[in-house]
Amino acid sequence: MKISQRVQDLAESGTIAVSNKVAAMRAQGIDVVSLGAGEPDFDTPDHIKAAAAEALGGGETKYAKPASGVPELKQAVVAKLQRENGLSYTTDQVVASVGGKEALYLAFATLLDPGDEVIIPAPYWVSYPEQVKLAGGVPVFVDAGADAGFRITPDQLRDALTPRTRVLVFNSPSNPTGAAYSPEETDALAAVLADTDVVTFSDEMYDRLLFGGRTFKSFAATSDHAYDHTITFNAGSKTYSMTGWRIGYAAGPVDVIKGMAKLQSQTTSGAATFTMHALAAALDGDQSCVEVMRAEFERRGKFLSDRLNALDGVVCPEPGGAFYAFPDVSGTFEAKGVSGSTEWAGRLLEDAHVGVVPGSDFGADSCVRLSFATSMAVLETALDRIEGFLA
Ligand code: PLP
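Keep in mind that what you see is a predicted model, and the values were worked out from it rather than measured.

*Asks:* Would you take a moment to explain the pairing of strand E6 (residues 199-203) for this structure?
*Replies:* The two faces of the sheet receive side chains in turn, since in a regular strand these alternate between them. Among the five residues that make up E6, five are buried, leaving the element largely enclosed by the rest of the structure. Two strands pair when backbone bridges link them, and strand E5 (residues 165-171) and E6 are joined in this way by five bridges, in the parallel orientation. Across the sheet, the residue bridging to Val167 is Val199, located in E6. Handedness of the crossover joining E5 and E6 through helix H8 (residues 183-192): right-handed. Two strands pair when backbone bridges link them, and E6 and strand E7 (residues 230-235) are joined in this way by four bridges, in the parallel orientation. Paired with Asp203 across the strands is Phe233, a residue of E7.

*Asks:* What's the story with the layout of surface pockets in this structure? I'm lost.
*Replies:* Empty space among the atoms can be located by rolling a probe the size of a water molecule over them. Reported here for the largest pocket is a volume of approximately 900 Å³. Lining of the largest pocket is provided by 40 residues; of these, Lys101, Trp125, Val126, Ser127 and Lys238 occupy positions nearest its centre. Among the elements of the structure, helix H2 (14-27), helix H5 (99-111), helix H6 (127-134) and strand E4 (138-143) are those that each provide at least two residues to the lining of the largest pocket. The greatest single-element share of the lining of the largest pocket, amounting to seven residues, is contributed by H6. The residue inventory of the lining of the largest pocket, partitioned by class, reads 17 nonpolar, 13 polar and 10 charged. Taken together, domain 1 (5-43 + 289-390) and domain 2 (46-284) each give at least three residues to the lining of the largest pocket, which thus spans both. Estimated volume of the second largest pocket: approximately 200 Å³.

*Asks:* Would you take a moment to explain helix H4 (residues 71-85) for this structure?
*Replies:* Helical periodicity: at 3.6 residues per turn, an α-helix aligns residues three or four positions apart in one direction. Taking 1.5 Å of rise per residue, 15 residues should cover 21 Å, and H4 covers 20 Å from first to last C-alpha, within 8% of that figure. Summarising the contacts, the buried residues of H4 are in contact with strand E2 (94-97), E7, strand E8 (248-251) and helix H11 (273-284). Of the residues flanking the end of H4, it is Gly86, one or two places downstream, whose phi is positive at about 65 degrees.

*Asks:* Please explain the domain arrangement of the protein as it appears in this structure.
*Replies:* When the parts of a complex come together, some accessible area is lost, and that lost area is often taken as the interface size. Considered domain by domain, the protein is made up of domain 1 (5-43 + 289-390) and domain 2 (46-284). Spacing between the C-alpha centres of domain 1 and domain 2 amounts to 25 Å. Facing the 32 residues of domain 1 at the interface are 32 residues of domain 2. Both sides together, the interface formed by domain 1 and domain 2 hides about 2,700 Å², and carbon and sulfur atoms give 64% of it. Ranking the residues of domain 1 by area buried against domain 2 places Val290, Gly320 and Phe362 at the top, with a combined share of 20%. Where domain 1 meets domain 2, there are one salt bridge. Close ionic contact of Lys49 with Asp43 constitutes a salt bridge, the shortest N to O distance being 2.6 Å. In this structure, the connection of domain 1 to domain 2 is made through 14 residue pairs in polar contact (both at pLDDT 80 or more). Those elements that place two or more of their residues in the side of domain 1 that touches domain 2 are helix H12 (288-309) and strand E9 (324-325).

*Asks:* Looking at this model, I keep getting lost on the packing of H4 against H11. Mind explaining?
*Replies:* The relative placement of two packed helices comes down to the angle between their axes together with the axis-to-axis distance. One way to put it is that H4 packs onto H11 with a least axis distance of 9 Å and a crossing angle of 30 degrees. Between H4 and H11, the angle is such that the two are roughly parallel. Relative to H11, the crossing made by H4 is left-handed. In this structure, H4 uses Glu72, Leu73, Ala76, Val77, Lys80 and Arg83 to contact H11, whose residues at the interface are Met276, His277, Leu279, Ala280, Leu283 and Asp284.

*Asks:* It is not clear to me how the nonpolar core should be interpreted in this structure. Could you clarify?
*Replies:* General note: in soluble globular proteins, nonpolar side chains tend to be found buried as a group. Core analysis: the biggest nonpolar cluster contains 78 residues, and Phe201, Phe233 and Met260 have the highest contact counts within it. Built from parts of two domains, this core gets at least three residues from each of domain 1 (5-43 + 289-390) and domain 2 (46-284). Setting aside chain neighbours within four positions, we find Phe201 in contact with Leu104, Ala107, Phe108, Leu111, Val167, Leu168, Val169, Phe170, Ile231 and Phe233. Leu81, Val94, Trp245 and Ala278 belong to the second-largest nonpolar core, a separate cluster that totals 29 residues.

*Asks:* Looking at this structure, how should I read the pattern of salt bridges?
*Replies:* Two side chains carrying opposite charge are able to pair once their charged atoms lie near each other. Throughout the structure, instances matching the rule amount to 21 salt bridges. In this structure, Asp116 engages Arg164 in a salt bridge whose closest nitrogen and oxygen atoms are separated by 3.1 Å. Separated by 48 residues along the polypeptide, Asp116 in the loop between H5 and strand E3 (117-122) and Arg164 in the loop between helix H7 (154-160) and E5 bring together distant segments of the chain. Residue classification places Arg164 among the partly exposed positions, given a relative accessible area of 39%.

*Asks:* Would you mind going over the side chain of Asn175 with me for this structure?
*Replies:* Locating Asn175 in the fold gives a position in the loop between E5 and H8. Dropping the residues within four chain positions of it, Asn175 is found in contact with Tyr124, Trp125, Tyr206, Tyr324, Phe362 and Arg369.

*Asks:* Teacher, can you tell me more about the site of the ligand here?
*Replies:* What surrounds the ligand is a group of 15 residues, the closest being Gly100, Asp203, Tyr206, Ser237 and Lys238. Interatomic distance of 2.6 Å between a side-chain N/O atom of Lys238 and an oxygen atom of the ligand. If the ligand stood free it would expose 390 Å²; the protein chains cover 92% of that surface. If you map the ligand onto the pockets, it falls in the largest pocket. For the shell around the ligand, the element with the most residues is H5, which contributes four residues. Among the residues forming the shell around the ligand, the class breakdown is six nonpolar, five polar and four charged.

*Asks:* Can you walk me through the side chain of Lys336 in this structure?
*Replies:* With respect to the secondary-structure elements, Lys336 resides in helix H13 (residues 333-336). Not counting residues within four places of it along the chain, the set of residues in contact with Lys336 comprises Trp344, Arg347, Phe389 and Leu390.

What counts and how
- Residues numbered from 1 in each chain as written.
- Predicted model: local features only at pLDDT ≥ 70, side-chain atom pairs only at ≥ 80, totals over all residues.
- Heavy atoms only, no water.
- Buried < 20%, exposed > 50% of the residue type's maximum accessible area, 1.4 Å probe, protein only.
- Helix = DSSP H or I, 4+ residues; strand = E, 2+ residues; numbered from the N terminus.
- Pairing = 2+ DSSP bridges.
- Right-handed = clockwise from strand over helix to strand, strands pointing away.
- 1 Å grid on protein atoms, 1.4 Å probe; cavity = no way out; pocket = protein on both sides within 12 Å on 5 of 7 lines; lining within 4 Å.
- Points joined across faces, edges and corners; volume = space filled by probe spheres on them.
- Nonpolar A, V, L, I, M, F, W, Y, C, P; charged D, E, K, R; others polar.
- Domains from an automatic or database assignment.
- Expected span 1.5 Å × (residues − 1).
- Contact = heavy atoms within 4.5 Å.
- Buried area = accessible area lost by both parts, 1.4 Å probe.
- Salt bridge = Lys/Arg side-chain N within 4 Å of Asp/Glu carboxyl O.
- Polar contact = N/O pair within 3.5 Å; in protein donor to acceptor, adjacent residues only side chain to side chain.
- Axes fitted to C-alpha atoms, helices over the stretch in contact; angles between N-to-C directions.
- Parallel < 35°, antiparallel > 145°, perpendicular 65-115°, else oblique.
- Left-handed = near helix turned anticlockwise from the far one by under 90°.
- Core = buried A, V, L, I, M, F, W, Y, C linked by side-chain atoms within 4.5 Å.
- Near = heavy atom within 4 Å.
- Areas by Shrake-Rupley, 256 points an atom, 1.4 Å probe, with all protein chains shown as cover.
- Sits in = over half its atoms within 2 Å of the grid points.

Laid out in structure tokens, this is it:
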């Protein structure tokens, strides 16, 4: 059957390709350690599961009313954004979604017309360019390598602006790099857009997973102008270890949120009702579970970057947040006889039985992504094997 050009043009997810290869090797009895996962290794906290069970027991088994989110969740999101991010939204400025991913896609589709440009700092999360293209937009990449701590500068942003620029994607802390912008750096980037109509998509999935005493500043909190021109995205996925629940949300200007809800009503009819109640309980409930996970991620991130930086030809900025390290391994390409990150990751998997994701998937072919959403024991084994691979 003929597959549409739109879908033919869509890139396959390399993260999934690595998982498949790891699974196939394991099925052959090979002891593979995988650092490919993009999800916390912790279980969802019990009080969140209990809230879902209670919702199911109470008959919350029908379409959510409205599909864009039950009032309890919208109120919990409004309270979270006020309490933690200093942002004042009303419930009609919030839409709940099938994970953070659906909210991002709905927003691109709501705002972009054919040819509109979207500035995406690289390295970037894999789905941004594909979602932009699906929505008819044109991704414009701005590169920031390991030497820049994977953070773009205000001058770079200014230089990338054109009359067709419609959206800036801003993701801090970042998947895949673990880089986190300071509040001052966030202010400085927002200032570049102060006299433009560019809309910023602030992907704040990892806002609670910050290390080294860093503080978080939402892009929308930088100025009144930024507040009016920002859509803030978040989800239960990373903060509360709820990746499989598929529940996220966005907050922003009423007209954009309305457009997103209209599109959602004709596509998915939104997230599952009982997961909305679970996320409301997560946001309203005791937050100590987040600190337990955050502290453990910080310990692992430091361990990983210290061990990686001790290797010849490897440069790894210490992760500022999230649960990814993104070492530049190009200094080892020649010795290993490889031409890029895909070959490097393939060789590491074949020879040392360690799964990592090639940086080429994220727009950075000199790097690979290592997730530390896995136990210390697994990380130690993986690092021992990588050391052996590069010896
Ligand atoms: N944005 C970033 C930066 C992510 O890393 C992810 C998940 O990997 C998402 C969005 C999507 O999250 P969700 O699983 O809630 O759809």
